[in-house]
Amino acid sequence: MLQPVGVGHKSLADYTHLVGRPLIEEIRALSEKAKGLKILHLSATAFGGGVSEILYTLVPLMRDVGLETDWQVIVGREEFFNATKLLHNALQGSPEDLSTEEWHVYEKFNEINARQLSGGWDVIIVHDPQPLAVRRLVAEKAKHWVWRCHIDLSTPNETTLNRLVPLIEEYDGSVYHLDRYVPAALNGRRPVHLLPPAIDPLSPKNMALSPEDAAFVCDQFGVDVDRPMIAQVSRFDPWKDPLGVIDAYRLVTEEMPEVQLALVGSMATDDPEGWQFFNSTLEYAAGDPDIKILNNLNQVGSIEVNAFQSQAEVVIQKSTREGFGLTVSEALWKARPFIGGDVGGIPLQVQDGTTGFLVRSPEECAERALRILREPELGKRLGRAGKEHVRRHFLMPRLLRDWLRIFNDLG
Ligand code: UDP
C-alpha cells in the first residue's frame, strides 16, 4: 500500500465570508451530483512546493462536500528523484533529456508504485510527471484518470515531452494552469481543462496576522522592523532568480540605503542542487548584514512566511520561469505591493500597474520598488486591488468548484 497523507479537517462554510455566498451555493449544488465519489490524489511528495500546499486544503474541502477523498504519496529512491528532477527541468525547457538508463529508472519506479496502488477508485488524479506512467500499468484501478500538471510546459524540451504525450493521451482528461501549457501534440484529441491553482486564506500561512505580530516574528530573525524591508519567499532555485533580487536590492540601496532584503526559502535535505544554489546565494550577498537569507532549517515555517510577506513594504517574485507562483497570490492576499517577473503564471495574478508591477530585469525591478517605497499611497492602491483580484480568482473554494465540474462531466 502507498503511504496515505494525513490532513486536518476543514469546513467550506468557514469560507463564506471571504468568497461570498453565490460561490458556496454553486459548490453545494455541484456536489449534490458528485457526492460519494471515491477520489484519490496521487503525488510525489507531501512536503514542500506548491502541490502539497494545495492538497493540504483541497483534500479536506473535497471531503467536507461529500467526496470520499484520499491523498497518497508514491515511493521513490534517490535515483528516481534524480531522474524526475531532470524530467521536471527538461519539461520546463532545459536541453538535457533523460538518458536511457534514467528513463528505465523512471519506468521501474512507476511499476513499483502501480503494484502498490489500491483499486476501486472513481477518479484518480495524478499530479505532475513523476507518477504519470502508473495509469498505463493499472488502468483498471479507477473508472477515470485525470492528469494534473503543475509545471510550465510552454517551452519544453520536445524530445522529453514527446515521450510523455502518449501516456497523457490515455488519460480521460488533463489539467493545466494556462492555455499556453497544453502540449500542442495533444491536438485536441483529449479533454483539456484550465484550472489555475489557489491559496487557502484561512491557513496559518495566509490568515490575517496583525502588524505587531508580523513585526515581532521578523524582529526575531534580526530584521530591523523600523526600517523598510523587501522580501522574496521561494525555494533556492536559479529559476526563482534570488541573485537578480539581490542586484535589484543593491540598486535600491544606492538611493535608499535604509532598505533591507529578506530571502526566505525552503530547503529539502536531499536536494544537493538546492544547497549548492543556497550557498552561491549566500556568497553573492557577500556578508551584507542587511540581507537576511533564511530557510526552513532556521525554523521558518508557515507563520514565519506569513510574517515576512505581511511585514515587507514590497514583496518580489522575480522568477524567470514560474508554473503559477502561489507565493504571488499569497503576497497579494496580504494586500502587499508586489513586483513579479513577467513570466508563466505571474501575469495571470498581476495586472501590470493595477494589482502590482511586472518586470523583466533587476533594473526595472529596482525602479518599481523605489516608486512604491517613495509613494506609499501607490503601494496601498496596488495592494488593495491585488487582494480583490485574488479574492475573486485564486481562493481555494473556486478551485474546488472547478474540480467538481470536471467530476460531474466525467459522468
Ligand atoms: N514556501 C514555504 N517556505 C519557504 C519557501 C516557500 O512555505 O521557505 C512555500 C510558499 O509559501 C508557497 C510554496 O512553498 O506556498 C511554493 O509554491 P510556488 O507555486 O510559489 O512555487 P514552487 O516551489 O511550487 O515552484
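For the structure itself, look to the data block above.
Because the structure is predicted, anything quoted here is derived from the model rather than measured.

> Explanation requested: the overall build of the protein in the structure shown.
Along the backbone of the protein there are 16 helices and 13 strands. Taken over C-alpha atoms, the radius of gyration comes to 21 Å for the protein, in line with the 22 Å a tight globule of 411 residues would show. Counting only C-alpha atoms, the protein reaches 65 × 50 × 35 Å along its principal axes. When each of the 411 residues of the protein is scored for burial, the buried share is 58%.

> Would you mind showing me how to read the site of the ligand here?
Among the 16 residues in the neighbourhood of the ligand, the closest are listed as Lys 205, Arg 235, Lys 240, Ser 266 and Glu 330. Computed on the free molecule, the ligand has an accessible area of 540 Å², of which 87% lies beneath the protein chains in the complex. Elements supplying a minimum of two residues to the shell around the ligand: α3 (49–64), β9 (260–265) and α12 (326–333). For the shell around the ligand, the residue count by class is 4 nonpolar, 6 polar and 6 charged.

> Just to check I follow, could you spell out the environment of Glu 32 for this structure?
Position of Glu 32 among the secondary structure elements: in helix α2 (residues 21–34). By relative accessible area, which is 53% here, Glu 32 ends up exposed. For the pair formed by Glu 32 and Gly 66, sequence separation is 34 residues and the distance between their alpha carbons is 8.4 Å.

> Before we go on, may I ask you to explain the packing of aromatic side chains in this structure?
Two measures describe an aromatic ring pair: the distance that separates the ring centres and the angle between the ring planes. With the rule as written, the count across this model stands at 12 aromatic pairs. Site record: aromatic cluster; members linked through ring pairs are Phe 80, Phe 81, Trp 103, Tyr 106 and Phe 109. Between Arg 368 and the ring centre of Phe 357, over which it is positioned, the NZ or CZ distance is 5.5 Å.

> When you look at helix α9 (residues 242–255) in this model, what are you seeing that I'm missing?
An α-helix turns once per 3.6 residues; consequently, residues spaced three or four apart project the same way. Between the first and last C-alpha of α9 there are 21 Å, a value that for 14 residues agrees with the 20 Å anticipated at 1.5 Å per step. The complete set of buried residues in α9 reads Pro 242, Gly 244, Val 245, Ile 246, Ala 248, Tyr 249, Val 252 and Thr 253.

> Honestly, the sheet that holds strand β11 (residues 314–317) in this entry has me stumped. Any pointers?
In a beta sheet, neighbouring strands pair by backbone hydrogen bonds and run either parallel or antiparallel. As summarised here, the arrangement of the 6 strands in space is β10-β9-β8-β11-β12-β13, forming an open sheet in which the pairing is parallel. Across the chains shown, the open sheet's two edge strands, defined by having one partner strand only, are β10 (291–295) and β13 (357–359). Averaged over all adjacent pairs, the angle separating strand axes in this sheet is 20 degrees, with direction ignored. Here β9 pairs with β10 via 5 bridges, running parallel. In the sheet register, Leu 263 faces β10, and the bridge partner there is Ile 293. The strands that helix α14 (residues 362–374) touches are β8 (229–233), β11, β12 (338–341) and β13; relative to β13, the one it contacts most, it runs at about 160 degrees.

> When you look at the pairing of β8 in this model, what are you seeing that I'm missing?
Two faces make up the sheet, and in a regular strand the side chains alternate between them. Counting buried positions along β8 gives 5 out of 5 residues, so the element sits mostly inside the fold. Judged by which residues are buried, β8 turns out to be covered on both faces: Met 229, Ala 231 and Val 233 on one side and Ile 230 and Gln 232 on the other are all buried. Relative to β9, β8 runs parallel, the two being bridged by 5 bridges. In the strand pairing of β9, Met 229 is matched with Gln 260. Note that the unit made of β8, α9 and β9 has a crossover that is right-handed.

> For this particular structure, what's the right way to read the packing of α12 against helix α15 (residues 376–393)?
One way to put it is that α12 packs onto α15 with a least axis distance of 7 Å and a crossing angle of 120 degrees. Taken as axis vectors, α12 and α15 run oblique relative to one another. In this structure, the crossing between α12 and α15 has a hand that is left-handed. Of the residues in α15, those touching α12 at Ser 329, Leu 332 and Trp 333 are Gly 383, Gly 386, Lys 387, Val 390 and Arg 391.

Conventions we followed
- Residues numbered from 1 in each chain as written.
- Predicted model: local features only at pLDDT ≥ 70, side-chain atom pairs only at ≥ 80, totals over all residues.
- Heavy atoms only, no water.
- Helix = DSSP H or I, 4+ residues; strand = E, 2+ residues; numbered from the N terminus.
- Rg over C-alpha atoms; globule rule 2.2 N^0.38 Å.
- Buried < 20%, exposed > 50% of the residue type's maximum accessible area, 1.4 Å probe, protein only.
- Near = heavy atom within 4 Å.
- Areas by Shrake-Rupley, 256 points an atom, 1.4 Å probe, with all protein chains shown as cover.
- Nonpolar A, V, L, I, M, F, W, Y, C, P; charged D, E, K, R; others polar.
- Phe/Tyr/Trp six-rings, centres within 6.5 Å; stacked < 30°, edge-to-face > 60°.
- Lys NZ or Arg CZ within 6 Å of the ring centre and 35° of its normal.
- Expected span 1.5 Å × (residues − 1).
- Pairing = 2+ DSSP bridges.
- Axes fitted to C-alpha atoms, helices over the stretch in contact; angles between N-to-C directions.
- Contact = heavy atoms within 4.5 Å.
- Right-handed = clockwise from strand over helix to strand, strands pointing away.
- Parallel < 35°, antiparallel > 145°, perpendicular 65-115°, else oblique.
- Left-handed = near helix turned anticlockwise from the far one by under 90°.

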